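So the chains spell out like this:
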Amino acid sequence: MSDTPMFPNATPDLAKQRAELAPDQLAAFKAFSKAVFAPGALDAKTKQLIAVAVAHVTQCPYCIKGHTEGASRAGASGAEIMEAIWVAAEMRAGGAYAHSNLALQTLNSLHTHQ
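Basis of the calculations
Residues numbered from 1 in each chain as written. Predicted model: local features only at pLDDT ≥ 70, side-chain atom pairs only at ≥ 80, totals over all residues. Heavy atoms only, no water. 1 Å grid on protein atoms, 1.4 Å probe; cavity = no way out; pocket = protein on both sides within 12 Å on 5 of 7 lines; lining within 4 Å. Points joined across faces, edges and corners; volume = space filled by probe spheres on them. Nonpolar A, V, L, I, M, F, W, Y, C, P; charged D, E, K, R; others polar. Helix = DSSP H or I, 4+ residues; strand = E, 2+ residues; numbered from the N terminus. Buried < 20%, exposed > 50% of the residue type's maximum accessible area, 1.4 Å probe, protein only. Salt bridge = Lys/Arg side-chain N within 4 Å of Asp/Glu carboxyl O. Phe/Tyr/Trp six-rings, centres within 6.5 Å; stacked < 30°, edge-to-face > 60°.

Draft legend 1. How the structure looks around the layout of surface pockets. Computed from the structure, the largest pocket encloses a volume of approximately 910 Å³. Along the walls of the largest pocket sit 23 residues, with Arg18, Phe29, Tyr62, Cys63 and His67 positioned nearest its centre. Tallied by class, the residues present in the lining of the largest pocket amount to 15 nonpolar, five polar and three charged.

Structure (structure tokens):
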């Protein structure tokens, strides 16, 4: 078994390599991110709590860490962060529940055509 972690630590060397390999895309991504998290109709704390929830649904460990830190810096409490995570969990489970309609419809169609 390898001693290499599944998710390596973000390092300056890796960031430099990413920038060198695709500088234009990185610049566009950074500009997009800056625009998304800029003050607007939602405050910084709300945006970071949304990001924490989405990061858990997309299961990005780097996003989970970064946006949990961002939410905390924006004034979110541990309870608010955990509640956002539970909202994400419910939404993820709700998607599976709602999509069961497709499976049921398929089963009904199969049984009707037999």
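Next comes the rest of the description.
Draft legend 2. Here's a closer look at the environment of alanine 89. Summarising the element assignment, alanine 89 is placed in helix 5 (residues 78-112). Judged by its relative accessible area of 37%, alanine 89 is partly exposed. Put simply, alanine 89 and histidine 56 are 33 residues apart on the chain and 7.9 Å apart in space, counted from C-alpha to C-alpha.

Draft legend 3. Highlighting the pattern of salt bridges. Going through the model one piece at a time under the given rule, you end up with two salt bridges. Residue glutamate 20 pairs with lysine 16 through a salt bridge whose shortest N-O separation is 3.9 Å. A residue pair is termed a helical-turn pair when its members lie 3 or 4 positions apart in one helix, as glutamate 20 and lysine 16 do in helix 1 (residues 12-21) at four residues. Of the two residues examined, glutamate 20 and lysine 16, each falls in the exposed class.

Draft legend 4. Here's a closer look at the packing of aromatic side chains. Tallied over the entire structure, the rule returns one aromatic pair. Relative to tyrosine 62, the ring of phenylalanine 7 has its centre 6.3 Å away and its plane inclined at 85 degrees; by these criteria the two rings are edge-to-face. Here the residue phenylalanine 7 occupies a position in the segment before helix 1, and tyrosine 62 occupies one in helix 4 (residues 61-73), the gap between them amounting to 55 residues. Taking the relative accessible area as the measure of exposure, phenylalanine 7 reaches 46% and is therefore partly exposed. Under the relative-accessibility criterion, tyrosine 62 is labelled partly exposed at 39%.

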